[in-house]
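A closer look at the structure
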Amino acid sequence: MKVVVIGGTGLIGSKVVTKLGEHGHEAVAAAPNTGVNTLTGEGLPQALAGADVVVDVSNSPSFERAAVLDFFETSTRNLLAAEAAAGVGHHVALSVVGTERLPENAYFAAKIAQEQLIEKSGIPYSLVHATQFYEFIRSIADTSTVDGEVHIAPVRFQPIAGEEVAQAVGRTAVGAPLNGRTEVAGPKQYRMDEFFRDALSAWGDARPVVSDPQARYFGSVPGERTLVPADGATFGQISYRAWLDGSTK
């Protein structure tokens, strides 16, 4: 298959391109630095020519409410229009577990808007909802730090390795369209404050972790099960400690 990966030079996209190529597919990395811009439409007709599947793992450079909504709505409209013109038969988008459970969150609301455009497009589609990536755990700790203490909500949390998200996206891309969603999460569910306490200890980071029911997660206070999947999810196999050990070698 020819699979065009929008955001194909980023964290997840580059892994998707590699994995598809290893399985004999023609995987094309499409991003502004390869001459494809979904916000302006630049390069889309050329990139999508002959494509069987389009995978969208692109992300907004800004999480500000108006900016993130404009990014996902504009880029998705342009992409779907180009796919319709090119006769693409399957649109795959990476989204977030819990979007519908935290709609007041600006980022989650923008992802909901993106998904609604996809669902109404008439193009066969699959949505892959993933939990938080291990790769972003340190930045979450940093943005949650107040006066030297890391404030984390005591809610359920089930992060996953980016490599296993890419595997799920690639597997979905070469399968039949779901016309619905699939969820993927890490192998173990934690209480988020306890996970971060263990993570900081593993890093040798002395900052204390405070269990704070009002602590915000990307600007919003999550509920007990906002960030974990429902029944029927696919689970990865790489633990956080194994991933951390591998990433520091």
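Computed from a predicted structure; not experimentally measured.

Turning our eyes to something else, we now look at the packing of aromatic side chains. Given two aromatic rings, their pairing is described by the distance between the two centres and the angle made by the two planes. In the structure shown here, the tally under the stated rule is 14 aromatic pairs. Ring geometry for Phe63 and Phe218: centres 6.2 Å apart, planes at 50°, overall tilted. Remark: Phe218 occurs in the loop between β11 (209-211) and β12 (234-235) and Phe63 occurs in the loop between β3 (53-56) and α3 (65-86); sequence separation between them is 155 residues. A ring pair is formed by Phe195 and Tyr240, whose centres lie 5.1 Å apart and whose planes are at 65°; its orientation type is edge-to-face. A residue pair is termed long-range when its members are at least 10 positions apart, and Phe195 in helix α7 (residues 192-203) and Tyr240 in helix α8 (residues 240-247) qualify at 45 residues. Pair check on accessibility: Phe195 and Tyr240 agree, each one buried. Each residue in the set Tyr134, Phe157, Tyr190, Phe195, Phe196, Tyr240 and Trp243 is aromatic and connected to the rest through ring pairs, giving one cluster. Note that Arg138 overlies the ring of Trp203, its terminal NZ or CZ placed 4.4 Å from the centroid.

We now examine helix α4 (residues 106-119). Under the 1.5 Å per step criterion, the end-to-end length of α4 is 20 Å for 14 residues, consistent within 8% with the ideal 20 Å. Its buried side turned inward, α4 meets β3, α3, β4 (90-96), β5 (125-130) and β9 (180-185). The distance from a side-chain oxygen at the start of α4 to the backbone nitrogen of Tyr107 is 2.9 Å, and the residue carrying that oxygen is Asn105.

Moving on: the pairing of β3. On β3, burial covers both faces: Val53 and Val55 on one face and Val54 and Asp56 on the other are all buried. Note that β3 and β4 share 4 bridges and pair parallel. Within the sheet, the bridge partner assigned to Val55 lies in β4 and is Val92. Taken together, β3, α3 and β4 form a β-α-β motif whose crossover is right-handed.

If you look at the biggest cluster of nonpolar residues, it comprises 32 residues, and the most contacted ones within it are Phe157, Met192, Phe195, Phe196, Trp203 and Tyr240. Of all the secondary-structure elements, those providing two or more residues to this core are α3, α4, α5 (137-143), β7 (149-152), α7 and α8. It is α7 that contributes the most residues to this core, 6 residues altogether. Those residues in contact with Phe157 that sit more than four places away from it in its chain are Gln132, Ile137, Lys188, Gln189, Tyr190, Met192, Phe195, Phe196, Tyr217, Leu227 and Val228. Among the nonpolar cores identified, the runner-up in size contains 21 residues, and Val16, Val17, Val55 and Ala173 belong to it.

Tracing the chain through its elements places Arg225 in the loop between β11 and β12. In this structure, the C-alpha to C-alpha distance between Arg225 and Gly98, residues 127 residues apart in sequence, is 8.2 Å. Discounting chain neighbours no more than four positions away, the residues touching Arg225 are Arg101, Arg156 and Gln189.

At a minimum axis separation of 9 Å, α3 and α4 run at an interaxial angle of 15°. Taken as axis vectors, α3 and α4 run roughly parallel relative to one another. Handedness of the α3/α4 crossing: right-handed. Residues Arg65, Val68, Leu69, Phe72, Glu73, Thr76, Arg77 and Leu80 of α3 touch α4, and the partners they reach there are Ala106, Tyr107, Ala110, Lys111, Ala113, Gln114, Leu117 and Ile118.

This brings us to the pairing of strand β1 (residues 2-6). Burial analysis of β1 places 5 of its 5 residues in the buried class, which makes it a mostly covered element. Burial of β1 is two-sided: the residues Lys2, Val4 and Ile6 facing one way and the residues Val3 and Val5 facing the other way are all buried. After leaving β1, the chain enters helix α1 (residues 11-22) and then returns to the sheet as strand β2 (residues 26-30), a path that is right-handed.

Here we come to the environment of Ala109. Relative to the assigned elements, Ala109 resides in helix α4. In the structure, Ala109 is positioned 18 residues away from Leu127 in sequence and 15 Å away in space, judged by C-alpha atoms.

What follows concerns the sheet that holds β5. With parallel pairing, the 7 strands of this open sheet are ordered in space as β2-β1-β3-β4-β5-β9-β12. In this open sheet, the two edge strands, each paired with only one partner strand, are β2 and β12. By the bridge criterion, 5 bridges tie β1 to β2 in an arrangement that is parallel. Paired with Val4 across the strands is Val28, a residue of β2. Taken strand by strand, α1 contacts β1, β2 and β4, and its axis lies near 170° from that of β1. Across the sheet, α4 touches β3, β4, β5 and β9, and the angle it forms with β4 is around 165°.

What counts as what
- Residues numbered from 1 in each chain as written.
- Predicted model: local features only at pLDDT ≥ 70, side-chain atom pairs only at ≥ 80, totals over all residues.
- Heavy atoms only, no water.
- Phe/Tyr/Trp six-rings, centres within 6.5 Å; stacked < 30°, edge-to-face > 60°.
- Helix = DSSP H or I, 4+ residues; strand = E, 2+ residues; numbered from the N terminus.
- Buried < 20%, exposed > 50% of the residue type's maximum accessible area, 1.4 Å probe, protein only.
- Lys NZ or Arg CZ within 6 Å of the ring centre and 35° of its normal.
- Expected span 1.5 Å × (residues − 1).
- Contact = heavy atoms within 4.5 Å.
- Polar contact = N/O pair within 3.5 Å; in protein donor to acceptor, adjacent residues only side chain to side chain.
- Pairing = 2+ DSSP bridges.
- Right-handed = clockwise from strand over helix to strand, strands pointing away.
- Core = buried A, V, L, I, M, F, W, Y, C linked by side-chain atoms within 4.5 Å.
- Axes fitted to C-alpha atoms, helices over the stretch in contact; angles between N-to-C directions.
- Parallel < 35°, antiparallel > 145°, perpendicular 65-115°, else oblique.
- Left-handed = near helix turned anticlockwise from the far one by under 90°.

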